Amino acid sequence: MKRLLLMVVSFLLLHQRSCFEFVIDGEWEDEALEAVDHRERHKRDVLTSDEEEDFEAIRGDHITVKTFKVESRITSRFAHTTVKSSVFNSGNKHETITFNVQIPKSAFITNFTMNVNGIIFVGSVKEKTVARKLYAQAKATGKAAGIFRANSQEMETFKTEVYVPPGSNIEFELHYQEMLQRRLGFYEHTLHLQPGRLVPHFRVDVYIYEPTGISVVQTPNTLGDQFLELIHVTSTKDKAHIFLEPNLQQQRKCKNCTDSAINGVFTVKYDVTRDSNAGELQVSDGHFIHFFAPSNLSPLSKNIVFVIDVSGSMWGIKMKQMVEAMSAILSDLAMTDLFSIIDFNHNVRCWSEELVPASSLQISEAKKYIQNIKPTGGTNINEALMKAVMMLVKASNQGLIDPRSVSMIILVSDGDPTVGEIKLSTIQKNIKRVMREDFSLFSLGIGFDVDYDFLERIAMENRGIAQRIYANHDAAEQLRNFFSQVSSPLLRRITIQFPDDSVSDVTQNRFDKYFSGSELVVAGKVLPSDNNTLRSLTTGSADRMDLSLTTEVDTTELDTELAKQQHSFTGFAKQLWAYLTIKQLISERSLAPTAAKKRAVTQKIMKLAEEHQFVTPLTALLVESENPKERLLADSPTDPKSGCCPGAGGMNGPVGPKGPRPNGAGPVEEVYGVPPWVQKTTPVPPSQARKGPEDQRTLPQNIIIVDNDPHFIVHLPRKNINVCFNIDSKPGHILNLVSDPGTGVAVNGQLISSKQPRRSKLSTYFGTISIYFQPDGVSVTVSTTSIDMMDGNNHHSFTWGATADILQDGVRISIVKNSRVTVTLNNNIQVMVLLHRVWKKHPVNVDFLGVYIPNENQYSSLVHGLIGQFSREPEVNVHDIHDGPDPEKKQATMEVNGNQLLVTRGWQKDYRQDTKQGSNVYCWFIHNSGKGFIDGHYTHYIVPSLNSFLQTHQ
């Protein structure tokens, strides 16, 4: 819920004594507020644009601001920000000094301290009623308290007023914490800097530490051109320091001005390095955090019904901006998307009664329709939403909707229901009754005339989120920005699980959708164990494929590293877990079906908030000196109109009708074979069971190997012997290994070379292996850096950085982290590709691939290729075994295909069990690139592309 955090303190000097009386403004939560009269919903407290412009961090007519410093320490996306200022009453009379700080609405204040002429006030978070009673004791003399409210687009105001005598020194220090949410590929940290005057010592520091690395750091020009060159950024692989320290002259609006030019937002944007799609698992201080932000996956197609409020209140600028935004949004739809538009006032109208493809013609017609809408009349939200759901249901029943697509309703409204069903609880029940589990509802509330709390409830209850759109000059941009965040869904039904005996108190770990550029975060406590390894399994459904991704981490590594970091936030994991848990509990509380359930959730929130010192809607910050009679109170007032806190999953809504499940309980849909520690809700029949990645680590003993330079090792089962040969080709050449038009399988490998010749010979290796399955049009390309799966226009990419299983139709890819990938086609053809890593600075060697293919693969009679031809075992006879020039290598005569070949007994390497040293495989070696053993000359097997079949058989 968007909360307003505020503290107003007035100090009155009495009878020349250093004793102070305090007047605290705040608003107390009251269950009766939820039964507020319908007419009261339209009363909104909002900071006007003029007030926003006049905002100053420090106010007072005769004060000197000596210092103003802001420091943020961001560790693993969790930020702890401290705002400090010291001021002096330089006048000759008493002065009211105001300390204002604008903080993000998603943040929790954790402490506030103040030093007034040596009297130090320290804050502590307490349950609200307890704090209220303690405060009441200090103002029992009948002090009056009023209510002050201030609100702006994304911030809330913390305000302190101090009435002090001349010559007084005051020091303020405010602390708050927040988790940075990833949007459109970036984390954004904003600091509002509006000191209101020139400051001799002004400084801003932002320290970032990301254990897996920082990929990019940006400092957008949001503070003004004057400060662009004054913002300094230093960064290393995993750390960054951004600071601003203008001197007095640099702060001036002009050369001789006395006004400060610092009046705006200091912004830092960054993203982290990700070496796999399995996510990052971090453990610190007995807590774990799993960050999941996969990329390089093809977007799922969308089915969208736009439900637009066109009542009379939308007349003018609101409608103009709506038309502008919808025009851009419609242009961004993909050709594979289906959509329609419903506009409503007291009546409900459909641009199209059915979902239509997002073709250029349909998009053009939809834009014309929206441009001709004339806002008028009342607001019939219930009927409009029911119509939208029925439209999706009809399309689904008719088979028009791809089962793997994402279906969503996007509601845009600026008012409360005034026509038809107007009871909010009934509308909520109606929507819940007809919505299907695979539909989502997103609610966008324009301005402050809308009951945002209601919009948020119906969104959260139906696997979506709500967002307020502020009715100002950039409302159209806000709408477009929101749609950009949900326009590219990459995964559905995501589950992140851990061994039951390894973790506890897990936050929401099931998510309905994952959108490109965002991030899913799961946190919990790590149970004591002798094992220093924690594993996670993430499952989800992508476009035409199911994913199973495994990651693991050493539970002691990060704490050791944090101890070395001077500016890291060492308690981040524990606080991040509490932050997520409280946010999710607040959302759960707003959806509580009974008063008893609500009270139970309330107790959990208060307990956590007190333990972790968060000022929440249910707690308050009691600030007191050593003298218990001198107390201040910082409250987080409830605003039933402003809605609840944004879901911790960002743009990725929870699965199921009841939203987040903090303890991770509930059924899990099994998407793929999973480790034994993952709980299953229903047994899987043996006929349907799928092997997990651990089962694919070895292949049958009877295999054909292509490894190293490249050496071919062909096993002949009937003779139980191995025959070896090399192929001496050129870098860039693509060699066909298997070509089977009958089954539609082609396996090809492209050669790379060593960095320089060794003994006058330039060695060649396989740098890329392609497995093409023609029946499904699927191509799997394995390189030393990635594993890419292509299917027509779809392209999914994975790295070697995580263990993973991918299943699409008849193609299965099993990746073992930094080791091997096994591709299985129709359960009867298998290819394993082994990764060989070398020292990056090696003067000669390069990373390369090995290929291992079982003899048992079931090809058709048309199979051929350097390996495929041996599915029909040739008649081989080895005789006349004798000593050769090397006494350790016997020589012999081999009769094969009517040829008599001189062969040498030697050995090659099988690297499946030992990727570094390998195990010896003895074989009869055939010279001259297999001449006489393979059909034709090796150059006959050079093909033009990675997906090519052989044109002729030699």
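How each quantity is defined
- Residues numbered from 1 in each chain as written.
- Predicted model: local features only at pLDDT ≥ 70, side-chain atom pairs only at ≥ 80, totals over all residues.
- Heavy atoms only, no water.
- Helix = DSSP H or I, 4+ residues; strand = E, 2+ residues; numbered from the N terminus.
- Buried < 20%, exposed > 50% of the residue type's maximum accessible area, 1.4 Å probe, protein only.
- Contact = heavy atoms within 4.5 Å.
- Areas by Shrake-Rupley, 256 points an atom, 1.4 Å probe, with all protein chains shown as cover.
- Pairing = 2+ DSSP bridges.
- Salt bridge = Lys/Arg side-chain N within 4 Å of Asp/Glu carboxyl O.
- Axes fitted to C-alpha atoms, helices over the stretch in contact; angles between N-to-C directions.
- Parallel < 35°, antiparallel > 145°, perpendicular 65-115°, else oblique.
- Nonpolar A, V, L, I, M, F, W, Y, C, P; charged D, E, K, R; others polar.
- Polar contact = N/O pair within 3.5 Å; in protein donor to acceptor, adjacent residues only side chain to side chain.

A.B. asks: Tell me about the overall build of the protein, and please be specific about residues and values.
C.D. replies: Summing up its helical and strand segments, the protein has 13 helices and 52 strands in all. Within the protein, buried positions represent 58% of all 954 residues. When contacts within the protein are restricted to residue pairs at least 6 apart in sequence, long-range pairs at least 24 apart make up 70% of them. Here the protein displays about 38900 Å² of accessible surface, and carbon together with sulfur accounts for 48% of that area.

A.B. asks: Describe the sheet that holds strand 18 (residues 280-284), naming the residues involved and giving the relevant values.
C.D. replies: With antiparallel pairing, four strands are arranged side by side in an open sheet as 18-19-30-28. Both outer strands of the open sheet, strand 18 and strand 28 (503-504), are each paired with one neighbouring strand and no more.

A.B. asks: Any details on the pattern of salt bridges? Residues and values, ideally.
C.D. replies: Following the criterion strictly, the structure yields 32 salt bridges and no others. A salt bridge links D512 to K513; the shortest N-O distance between them is 2.2 Å. Note on accessibility: D512 and K513 belong to one class, buried. Taking the shortest distance from any N to any O, the salt bridge between E561 and K564 comes out at 3.8 Å.

A.B. asks: How would you summarise the sheet that holds strand 14 (residues 214-218) if you had to cite specific residues and measurements?
C.D. replies: Sheet strands associate in pairs through backbone hydrogen bonding, adopting either a parallel or an antiparallel arrangement. In space, the four strands of this open sheet follow the order 11-12-17-14, with antiparallel pairing throughout. Here the strands that pair on one side only, and so sit at the sheet edges, are strand 11 (182-183) and strand 14. Across seven bridges, strand 12 (residues 186-193) lies against strand 17 (residues 264-272) in antiparallel orientation. Across the sheet, residue E188 finds its bridge partner in strand 17, namely K269.

A.B. asks: Hey, could you go over the pairing of strand 12 for me, with residue numbers and the actual values?
C.D. replies: Relative to strand 12, strand 11 is paired through two bridges, and the arrangement is antiparallel. Note on strand 12: the bridge partner recorded for R182 is Y187. The hairpin turn running from strand 11 into strand 12, its antiparallel successor, is two residues long, and L184 in that turn takes a positive phi close to 55°.

A.B. asks: Can you break down the packing of helix 6 (residues 381-397) against helix 7 (residues 424-434) residue by residue, with the values?
C.D. replies: Taken N-terminus to C-terminus, the directions of helix 6 and helix 7 make an angle of 5°; their axes are 10 Å apart at the nearest point. When the interaxial angle is binned, helix 6 and helix 7 end up roughly parallel. Counting all contacts with helix 6, which are made through N382, L385, M386, V389, M390 and V393, the residues of helix 7 involved are I427, N430, I431, R433 and V434. Within the contact of helix 6 with helix 7, the residues separate by chemical class into eight nonpolar, two polar and one charged.

A.B. asks: Lay out the pairing of strand 38 (residues 734-740) in plain terms, naming residues and giving numbers.
C.D. replies: Summarising burial for strand 38: seven of the seven residues are buried, a large majority. The sheet contact formed by strand 38 and strand 39 (residues 745-753) spans six bridges and is antiparallel. Looking across to strand 39, one finds that D740 is bridged to V745. In this structure, the hairpin formed by strand 38 and strand 39 is closed by a connection of four residues, where G744 is found at a positive phi of approximately 75°.

A.B. asks: Go over the side chain of S948, please, and point to the residues and values.
C.D. replies: Looking at the element boundaries, S948 is found in the segment after helix 13 (927-930). A polar contact is formed between the side chain of S948 and the side chain of S945, at a distance of 2.7 Å. Not counting the four nearest positions on each side in its chain, S948 is found in contact with N736, A746, N748 and V943.

A.B. asks: Provide a residue-level description of the environment of P741, including the pertinent values.
C.D. replies: Relative to the assigned elements, P741 resides in the loop between strand 38 and strand 39. Separated by 118 residues in sequence, P741 and Y859 have C-alpha atoms that sit 9.4 Å apart. Setting aside its immediate chain neighbours within four residues, P741 contacts L862 and F949.

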